[in-house]
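Residue-level structural notes
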Amino acid sequence: MAVVTLSVNGATHEVDIEASTPLLYVLRNDLDLKGPRFGCGLAQCGACTVLIDGVATRSCVTPASAVRGAITTLEGLSQNGQLDPLQQAWIAEQVPQCGYCQNGQILTARALLNANPNPSDSEIRAGMEGVLCRCMSYFRIQAAIKRTVQQSTASFFNASPAEKTGAAS
Amino acid sequence: MSETRPGLTLPSEIADAVRSVNPATSRRGFLKASGALFISVWLGANPTERALAQTAAGSAGPYPIPDYLQLDTWIVIHPDNTATFHVGKTDGGQGTGTAYRQMMCDELDIAYDRATLVMGNTDITPDQGGSGGSDGIEVDGWPMRRTAAEARRVLLELASAALNTPVAELTINNGTIAVAGNPSRSVTYAELVGGRRFDVTLTGENINQIRGLAEVKPVQDLRVIGQSIPRYDIPAKVDGSLTWAVDVKLPGMVHARNVRPPVAGATLESVDESSVSGMPGFVAVVHRRNYLAVVFEREEQAINGARALRTEWTPPSEAPFPPSQDLFDYMRAQTPTSSSREVISGDPDAAFAAAAHVLEADYEVPFQGHTAIGPAHALADPSDGQMTIYSNDMKIYGLRLGVARFLDMQEDRVRAIYMDGPQVYGRTAADDVGFEAAFLAKELGRPVRVQWMRDEETAWDTKGPAYTFRMRGGLDAAGRPVAIEYEARALDYNHVGYNEPDTVLIAQLMGIRPAQPAQGGAALPSNQYGIAHQRMVGHVVSLPIIWETPLRCGNLRDPNGPQVTFAFEAFIDEMAAAANADPVEFRLSMIEDSAEDGQFRKARSLATMRAAAETYGWDSRPSPNPLMAAASGAIVSGRGIAYTFRSGTVVAIIADVEVNRETGRIFVKRLVCAHDCGLVINPTGMKYTVECGMLHGLSRALWEEVRFDNEKVTSVDWASHPTLRHSDTPESIEVVIVNGDPHPGRPDLPHYGAGEACHKPMIAAVANAFHDATGVRLRRVPFRPESVLDALRNQVS
């Protein structure tokens, strides 16, 4: 057993676990988080996705003891009580059917937009390719990502010159 | 250990749905509530909190199913003039919960946002059977509408007495009844019955027949029905706050994983418990004949233990099945276990003899699986001699009854609580795992959570039956269809039902057998084609081993429809091409030649086909597209139509495909679906469910096949069992709502189902579009790139 320190959604946690324990089970069963879910245990489907320093990571194959960065789960995506623009778009586009995979869809989309704020349609497809949905809500997922991109582009063009250059902050 | 420990983790979606449960909702509750402390717990709790509180407080039940003849079972009016509806359904993510709430709000005359809905909790909601068959709106919506209408009638009578005014002179606005023309004289629903019971008994021989004295509203008076109200369940699925069935935790809970036979039909000879008993967190190895599970304190410990457990198995004396590449030859060589009666109209033999042109084709569809994104799971709590099962099983009442019989418990000591989970499009392994969790919980006397692993889910979940088809069609000299023959073979013997205590997987592995295996069935096509001479028949065939095998059939989304409609609608397309006719006009002409039926399927089929063609911009010409024959380059494109009905819902789909002749990849670029399901409760919700239903069909067309060698399934993960992905998603999807009823404004317009009808013709639409692009027929599902390249190389049609 080993004491592992994790930063999750802005809080620090210490857990005493076997070093090989996948992060997924620590998040779900020790920290009581519900966003990341077991889908395959093989890093093939994306249901277990979390962000580590903003990068989409499959928690089912990541040993908790190996994590050094800041972990964000679906629960931690909102800022100051405001849902992430992607989550708002997900509701506006009424994306989920069953919704079990949507944790991985939303977080992978967030990582995609972090790296490329204005992806083309084909970049969205490529960036999301590894996240599976067995209800086949893909068309709605892509619509929600496009809506987010369009709105952020629109707000950029509507922003003041200082805001556009970052001088306002 | 961690600094945060799970306590009672409660389903917030139910908490959101029911802010205050009124003790007047349940006479049984009053009888049971013996102390003030208990009542205070109960008053503030949502149904699942209440269930857990009772368990924690040492309650052993009983948990009878509420009486569906009592209006109070269905509808509760709260003191704050809001309402809660209790329905015996589940919502697998198709938005039916939102639709039920709309239907009941409309009949009760209360705003949508002043009502909540509770579903699928066997000791709180009446037994409507859970879900299945896309009949929630079509069938179960009627008792919901009628009970809400009856509640409204009773409230009007109470208001009449309270206001000393005849009912005819009263008006209702959102839960307030006023004297017409004198709004100051009014009374609210809450003032009339808030916090109290209606005490009204309904009549009806079964739950679908129940009614009071009131009639439902005519369509013209409906206001909430027909609105695209956003689904209430979506925000909590998007912000991470929803508690799913996978998330429920109970004090003392342990984790189990199954260990399956490595070969279908194998016998477990020995288990070496010492191979795992020294591992951290070990609780038990549980072993009954060929059922085997390990139980550990922590989830990852159970996963490691299941992998580490040393076992010895003896394979069966004969191969349990042929390898998947030989499956269709095997099926055609078998003597059927049963055959349907031949459905014959006219004189097909004479018609074929006289036909100017006869064509024949064979079609093949492999086993396809549910393969849920989240493997099957359940949590069972055995405390105090009762059994509570937390599950996403869509037939929650069947789960309760089946488990009671399996464990030899009184029915009212067992309850099942539906919570959200991964897709439940039919008879999934959610049934099997609920029994496993309950069995292990009873054995160990502790709450046990079981989840299947990926390989287990993909290999052992129930399959949609494999099919072979032989089709024959006759055209006269003018190219008109005069005869058709359809012969199907379904590998469907021993089709398992829902939650049967003698066919669930754990029962099979324990050696339990029903008196007779289910005969299964091979379905006939649903169409409205007036071909004068027809012969149709279906045969069922069997594999060598039918028990304790991963190749077991159960209902998968529209259980036979995608297979049957692929063969039938692809062959109709072959006949149209042989007649050098436009595929839409060819079908319209056959529908014109048919007789009308009680659901106006002829008129609605014509309207639906025309709506699809018009929306698409269909120009009349035969297939294949003559321009494509001369096309250079890798990519050719084509269009295809397929049509069917399912129950009362009529659907026509047009697919635009691009085929890469070098890679074999098919890309469906555009989909148009015309959809007539009568009165639509929530248009946007329905359209999005249809979108996803079509894409699920597309996944089955392009990718899905369960493969196996001659002893085990070899499709065990997402590499060996590919599914549709983001890159396969069409660029454009249009769903057109059609009302093709000959009396479209009639006040009793029925509401039919969605979700499965649109799934049904998808494979055929893709195959027909592929032919339009290439001139080649795809007659074996799925259309993976290697199969497409084979077809392009080998077939000149």
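Residues numbered from 1 in each chain as written. Chains lettered and ligands numbered in written order. Predicted model: local features only at pLDDT ≥ 70, side-chain atom pairs only at ≥ 80, totals over all residues. Heavy atoms only, no water.

Below, the discussion takes up the overall build of chain A. Each helix and strand in chain A was counted, giving 6 helices and 5 strands. Across chain A, helices and strands are ordered from the amino to the carboxyl terminus as β-β-α-β-β-β-α-α-α-α-α. Scaling as 2.2 N^0.38, a compact globule of 169 residues should have a C-alpha radius of gyration of about 15 Å, and chain A matches this with 17 Å. Taking all 169 residues of chain A together, the buried fraction comes to 55%. (Helix = DSSP H or I, 4+ residues; strand = E, 2+ residues; numbered from the N terminus. Rg over C-alpha atoms; globule rule 2.2 N^0.38 Å. Buried < 20%, exposed > 50% of the residue type's maximum accessible area, 1.4 Å probe, protein only.)

How two helices pack is summed up by the angle between their axes together with the distance between the axes. Residue and element names in this part refer to chain A. Running from N to C, helix α2 (residues 85-92) and helix α5 (residues 138-158) point in directions that differ by 130 degrees, and their axes come no closer than 8 Å. Viewed along their axes, α2 and α5 adopt a mutual orientation that is oblique. Of the two possible hands of crossing, α2 and α5 adopt the one that is right-handed. For the pair α2 and α5, contact is made by Pro85, Leu86, Ala89, Trp90 and Ala92 and by Ile141, Ala144, Ile145, Arg147 and Thr148, respectively. Grouping the constituent residues of the contact of α2 with α5 by class yields 8 nonpolar, 1 polar and 1 charged. (Axes fitted to C-alpha atoms, helices over the stretch in contact; angles between N-to-C directions. Parallel < 35°, antiparallel > 145°, perpendicular 65-115°, else oblique. Left-handed = near helix turned anticlockwise from the far one by under 90°. Contact = heavy atoms within 4.5 Å. Nonpolar A, V, L, I, M, F, W, Y, C, P; charged D, E, K, R; others polar.)

Before going further, it helps to spend a moment on the sheet that holds strand β26 (residues 666-676) of chain B. Residues and elements named next belong to chain B. Ordered by their spatial adjacency, 4 strands build an open sheet running β24-β25-β26-β27, and the pairing between neighbours is mixed. Every other strand in the sheet has two partners, leaving β24 (635-646) and β27 (732-737) as the edge strands with one partner each. Taking each pair of neighbouring strands and ignoring which way they run, the sheet shows an average axis angle of 15 degrees. Strands β24, β25 (649-660), β26 and β27 of the sheet are contacted by helix α19 (residues 601-616), whose axis makes an angle of about 30 degrees with β25. (Pairing = 2+ DSSP bridges.)

What follows covers unusual backbone geometry. Residue and element names in this part refer to chain B. Following Ser623, the chain continues into Pro624 via a peptide bond in cis, with omega recorded as 0 degrees. In this fold, Pro624 is placed in the loop between α19 and α20 (626-629). Across the junction of Val781 and Pro782, the peptide omega takes the value 0 degrees, indicating a cis bond. If you trace the backbone, Pro782 turns up in the loop between α22 (762-774) and α23 (785-794). One non-glycine residue, Asn164, adopts positive backbone phi at about 55 degrees. Secondary-structure assignment places Asn164 in the loop between α7 (136-163) and β4 (170-173). The exposed category is assigned to Asn164, whose relative accessible area is 70%. Even without being glycine, Glu548 reaches a positive phi, approximately 55 degrees.

Between chain B and chain A, the contact holds 69 residues from the first and 55 residues from the second. Contact between chain B and chain A buries roughly 5,400 Å² in total, counting both sides, with carbon and sulfur atoms accounting for 54%. Where chain B packs against chain A, one counts 5 salt bridges. The residue Arg134(A) makes a salt bridge to Glu704(B) at a minimum N-O spacing of 2.7 Å. Linking chain B with chain A are 35 residue pairs in polar contact (both at pLDDT 80 or more), by the criterion used here. Of all the secondary-structure elements, those providing two or more residues to the side of chain B that touches chain A are α9 (234-238), α10 (299-308), α21 (683-702) and β27 of chain B. Per-element tally for the side of chain B that touches chain A: the top contributor is α21(B), with 7 residues. Across the side of chain B that touches chain A, the residue classes break down as 27 nonpolar, 25 polar and 17 charged. (Buried area = accessible area lost by both parts, 1.4 Å probe. Salt bridge = Lys/Arg side-chain N within 4 Å of Asp/Glu carboxyl O. Polar contact = N/O pair within 3.5 Å; in protein donor to acceptor, adjacent residues only side chain to side chain.)

Counting residues in each nonpolar core, the largest one holds 110 residues, and the members touching the most others are Ile666(B), Met694(B) and Phe783(B). If near-sequence neighbours (up to four positions away) are discounted, Met694(B) is found in contact with Ile653(B), Leu671(B), Cys673(B), Ile733(B), Val735(B), Cys758(B) and Met762(B). (Core = buried A, V, L, I, M, F, W, Y, C linked by side-chain atoms within 4.5 Å.)

This next bit is on the packing of aromatic side chains. The full count for this structure, using the stated rule, is 15 aromatic pairs over all chains. Aromatic side chains Tyr100(A) and Trp244(B) sit 5.8 Å apart centroid to centroid with 90 degrees between the ring planes, which places their arrangement in the edge-to-face category. Here the residue Tyr100(A) occupies a position in the loop between α2 and α3 (102-115), and Trp244(B) occupies one in the loop between α9 and β7 (254-258), the pair thus bridging two chains. Judged by centre distance (6.1 Å) and plane angle (85 degrees), the rings of Tyr291(B) and Phe439(B) are edge-to-face. Taken together, the positions of Tyr291(B) in strand β10 (residues 291-296) and Phe439(B) in helix α14 (residues 430-444) put the pair 148 residues apart, joining distant regions of the chain. The two residues Tyr291(B) and Phe439(B) agree in class, both being buried. Taken together, the aromatic side chains of Tyr467(B), Phe469(B), Tyr486(B), Tyr529(B), Phe568(B) and Tyr643(B) make up a single cluster linked through ring pairs. Directly above the aromatic system of Tyr100(A) lies the positively charged group of Arg37(A), at a separation of 5.6 Å from the ring centroid. Between the NZ or CZ atom of Arg140(A) and the centre of the ring of Tyr688(B), over which it lies, the distance is 3.5 Å. (Phe/Tyr/Trp six-rings, centres within 6.5 Å; stacked < 30°, edge-to-face > 60°. Lys NZ or Arg CZ within 6 Å of the ring centre and 35° of its normal.)

Once that is clear, we can look at the pattern of salt bridges. All names here are of chain B. All chains considered together, the criterion is met by 67 salt bridges over all chains. Two residues, Asp412 and Arg413, come together in a salt bridge whose shortest N-O distance is 3.4 Å. The class of Arg413 is partly exposed, set by a relative accessible area of 26%. Salt bridges here are not isolated pairs; linked through shared partners, they connect Glu342, Asp349, Arg472, Glu485 and Arg535.

On to the pairing of β24(B), then. All names here are of chain B. Within β24, 10 of the 12 residues are buried, leaving the element largely enclosed by the surrounding structure. Where β24 and β25 come together, 12 bridges link them in antiparallel fashion. Looking at the pairing, Ser637 lines up with Glu658 of β25. Here β24 folds back onto β25, and the loop between the two strands holds 2 residues, one of which, Ser647, carries a positive phi near 50 degrees.

This part covers the sheet that holds strand β1 (residues 75-77) of chain B. Strands pair in a sheet through their backbones, by hydrogen bonds, and they do so in one of two ways: parallel or antiparallel. All names here are of chain B. If you trace the 3 strands from one edge of the open sheet to the other, you get β1-β2-β3, paired in mixed fashion. For this open sheet the edge positions go to β1 and β3 (115-119), each flanked by a neighbour on one side alone. Taking each pair of neighbouring strands and ignoring which way they run, the sheet shows an average axis angle of 20 degrees. Sheet topology places β1 next to strand β2 (residues 83-87); 3 bridges connect them, and they run antiparallel. Looking across to β2, one finds that Ile75 is bridged to Phe85. Across the sheet, helix α6 (residues 96-108) touches β1, β2 and β3, and the angle it forms with β3 is around 130 degrees.

With that settled, consider the side chain of Glu300(B). As for its placement among the helices and strands, Glu300(B) is situated in helix α10. In this structure Glu300(B) comes out as buried when scored by relative accessible area, which is 6%. With sequence-adjacent residues up to four places away left out, Glu300(B) is seen in contact with Thr21(A), Pro22(A) and Tyr25(A).

One full turn of an α-helix is made of 3.6 residues, so residues set three or four places apart face in the same direction. All names here are of chain B. Between its terminal C-alpha atoms α7 stretches 38 Å, which fits the 40 Å expected from 28 residues at 1.5 Å a residue. The largest bend in α7 comes to about 35 degrees, at Trp142, with the proline Pro143 one to four residues further on. Just past α7, the residue Asn164 takes up positive phi, approximately 55 degrees. (Expected span 1.5 Å × (residues − 1). Bend = angle between axes of the 7 residues up to and from the residue.)

A separate point is the confidence of the model for chain B. All names here are of chain B. The pLDDT averaged across chain B works out to 93; a share of 92% of its residues lies at or above 70. Low pLDDT, under 50, characterises residues 1-51; the stretch is placed with 99 contacts to residues that sit more than four places away or in other chains. Note on residues 54-58: pLDDT is under 50 here. Beyond four places in sequence and across chains, it has 14 contacts. We note a pTM of 0.94 for the whole complex and an ipTM of 0.94 for its interfaces. (pLDDT = per-residue confidence, 0-100.)

What follows covers the pairing of strand β16 (residues 377-381) of chain B. All names here are of chain B. Of all 5 residues making up β16, 5 are buried, and the element is well covered by its neighbours. Here β16 shows a buried face lined by His377, Leu379 and Asp381 and a second buried face lined by Ala378 and Ala380. The pairing of β16 with strand β17 (residues 387-391) spans 3 bridges and is classified as antiparallel. Counted as the bridge partner of Ala380 is Ile389 from β17.

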